[in-house]
Amino acid sequence: AGPRRNSIGDSAAGRAHLAEARALALARLADVEHQDETRAFHAFVRVREEEARADLGARVDTANGAIKALETKQMEDRENFDDRSAKLEKALGEIAEAVHLLREHLVTAPRSRLRELGADDARKRDWLVHTKARSEENAAYAGKRAQVPDHLVPWEVPWPDYRPKEWTSL
């Protein structure tokens with residue numbers, strides 16, 4: 001065989017050079033590993049951000065759906081309220097009309113009945129103008145009732161000076 005060649009690792013300088021090359025290769029390998037880890041981390045972060053955006057989007061969609069449902073319910077409630085208000089207003093109008101007719105009947109009926117009865121039927125006339133209810137026959141009421149003349153008995157007759165005494169039966 002031929003002459004023997006010296007390998008780089010046979011000399012001290014060669015070994016130093018090999019150690020330096022090995023250290024450089026390890027450093028590059030570590031750098032590549034670090035870059036891979038960094039890329040992997042950034043990829044992980046991107047995936048997490050996308051998941052978070054998707055989750056946030058789903059929550060926003062849910063919230064928007066709930067808001068829309070509440071708005072729809074509010075509109076329905078408002079329509080129901082308006083409908084009920086209209087029915088109540090109609091019913092109150094009918095009640096007011098009935099009260100008006102009843103009041104007219106109560107005011108006019110005693111007067112017409114008084115004419116029908118004539119002056120000779122004092123007992124019935126007294127009942128129609130509430131004479132017994134205004135009397136002081138009961139000792140508990142003596143001196144405690146305001147004296148109301150017959151012509152001022154109906155509530156529809158104005159009596160601006162009417163000042164009843166304040167009194168409550170025990």
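Going by the structure above, here's the rest.
Residues numbered from 1 in each chain as written. Predicted model: local features only at pLDDT ≥ 70, side-chain atom pairs only at ≥ 80, totals over all residues. Heavy atoms only, no water.

Check the secondary structure of the protein and you find two helices and zero strands. Residues classed as buried in the protein amount to 6% of the 170 residues present. Within the protein, residue pairs in contact and separated by at least 24 positions form 14% of the contacts whose partners lie at least 6 positions apart. (Helix = DSSP H or I, 4+ residues; strand = E, 2+ residues; numbered from the N terminus. Buried < 20%, exposed > 50% of the residue type's maximum accessible area, 1.4 Å probe, protein only. Contact = heavy atoms within 4.5 Å.)

Among the surface-exposed residues, Leu-92, Ile-95 and Val-99 lie close enough to one another that they form a single nonpolar patch of about 290 Å² accessible area. Mapped onto the secondary structure, Ile-95 falls in helix H1 (residues 12–117). Exposure remark for Ile-95: the relative accessible area of 49% places this residue in the partly exposed category. (Patch = residues over 30% accessible without salt bridge, like charges linked within 9 Å, V, L, I, M, F, W, Y side chains within 5 Å. Areas by Shrake-Rupley, 256 points an atom, 1.4 Å probe, with all protein chains shown as cover. Salt bridge = Lys/Arg side-chain N within 4 Å of Asp/Glu carboxyl O.)

Take the pattern of salt bridges next. Taken as a whole and judged by the stated rule, the model has seven salt bridges. Here Arg-48 and Glu-51 are joined by a salt bridge, their closest N and O atoms 3.1 Å apart. Residue Arg-48 and its partner Glu-51 are both found in helix H1; the two are separated by three residues, about one turn of the helix. Given a relative accessible area of 41%, Glu-51 falls into the partly exposed group.

A few words on the environment of Ser-135. Along the chain, Ser-135 turns up in the segment after helix H2 (122–128). Distance in space between the C-alpha atoms of Ser-135 and Val-148 is 9.8 Å, their sequence separation being 13 residues.

As far as function goes, none of this settles anything; it's purely spatial.
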